[in-house]
Amino acid sequence: VLRCLGIPTRVITNFNSAHDKNVNLSIDKYIDISGKTLHLTEDSVWNFHVWNESWFIRRDLGSFYDGWQVLDATPQEKSKGIYQCGPASTRAIKEGDVNLDYDSSFVFAAVNADCVTWIHHSNKRKERIYSDTRKIGKFISTKAVGTNSRVDVTANYKYPEAKEISFKISYSQYKNSLMDDRKILVTAV
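Residues numbered from 1 in each chain as written. Predicted model: local features only at pLDDT ≥ 70, side-chain atom pairs only at ≥ 80, totals over all residues. Heavy atoms only, no water.

## Structural notes on the environment of T117
Item 1. As for its placement among the helices and strands, T117 is situated in strand β9 (residues 114–120).
Item 2. When its relative accessible area of 14% is taken as the criterion, T117 is described as buried.
Item 3. The spatial distance from the C-alpha of T117 to the C-alpha of R128 is 6.0 Å, given a sequence separation of 11 residues.
Item 4. Look past the residues within four positions of T117 in its chain and what remains in contact with it is K29, I31, E127, R128, I129 and Y130. (Helix = DSSP H or I, 4+ residues; strand = E, 2+ residues; numbered from the N terminus. Buried < 20%, exposed > 50% of the residue type's maximum accessible area, 1.4 Å probe, protein only. Contact = heavy atoms within 4.5 Å.)

## Observations regarding the sheet that holds strand β11 (residues 138–143)
Item 1. Overall, antiparallel pairing links the 6 strands, which are arranged β8-β5-β4-β1-β11-β12 in an open sheet. Bordering the open sheet on either side are β8 (88–89) and β12 (150–152), each of which pairs with just one other strand.
Item 2. Across 10 bridges, strand β1 (residues 9–19) lies against strand β4 (residues 44–56) in antiparallel orientation. Directly across from T9, in β4, lies its bridge partner S54.
Item 3. Helix-sheet contacts for helix α2 (residues 104–112) involve β1, β4, β5 (67–71), β8 and β11, and the interaxial angle to β1 is about 70°. (Pairing = 2+ DSSP bridges. Axes fitted to C-alpha atoms, helices over the stretch in contact; angles between N-to-C directions.)

## Some details on the sheet that holds strand β3 (residues 37–38)
Item 1. If you walk across this open sheet you meet the 4 strands as β3-β2-β9-β10, and the pairing is mixed. The outermost strands of the open sheet, each flanked by one partner alone, are β3 and β10 (126–132).

## Notes on the side chain of R10
Item 1. Within the fold, R10 resides in strand β1.
Item 2. Since its relative accessible area comes to 17%, R10 is described here as buried.
Item 3. Here the side chain of R10 touches E53 through a polar contact of 2.7 Å, side chain to side chain.
Item 4. In contact with R10, other than residues within four places in its own chain, are R3, W51, N52, E53, W68, T142, V153 and N156. (Polar contact = N/O pair within 3.5 Å; in protein donor to acceptor, adjacent residues only side chain to side chain.)

## Some details on the nonpolar core
Item 1. Counting 14 residues, the largest nonpolar core has W51, V70, I93, V107 and Y157 as its most contacted members.
Item 2. At 5 residues, the largest contribution of residues to this core is made by α2.
Item 3. Contacts of W51, omitting those with residues within four sequence positions, involve R10, V11, I12, N14, S17, V70, L71, D72, A110, V111 and Y157.
Item 4. Core analysis: the second largest hydrophobic core is formed by 6 residues, A18, I27, A109 and C115 among them. (Core = buried A, V, L, I, M, F, W, Y, C linked by side-chain atoms within 4.5 Å.)

If you want it as structure tokens, here you go:
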């Protein structure tokens, strides 16, 4: 419809798309001390999610936010009481301006959320044991004009991921660290 009105519009695909149900900008997984998954959150990671972008001038937000705007025709959450998503400025998403109207925090989480695993202890205390800051928002893409080629637009949504220094530990060391209730940061190798 927007193209029919002369508004530039394109389809965007986000791989490893976060669905941050509680809007805390992380996808939380809870396990008990034996490693069994506890279903304490409705957060999830989808293999991919598709939305549209349209090119708007944003007089309501200021010229800094002009340009591509995210519009999701299949919103899964209510926004301001109705099922809608957008128009969220891709510039706002990239800059982390999550307090703007039009679901910028939801779209920010879809492309930038951290995946965090917590141990939920019997005394209601929780302990963070793993965090992956690089899993979400991969190969954000659109179709090239005039060809069937993929155009990577990830840089419109997020800055390059920081390099991490990885280290390896054995499974027994990891298991012992859990049993001893010591904090350990495990970085994906």
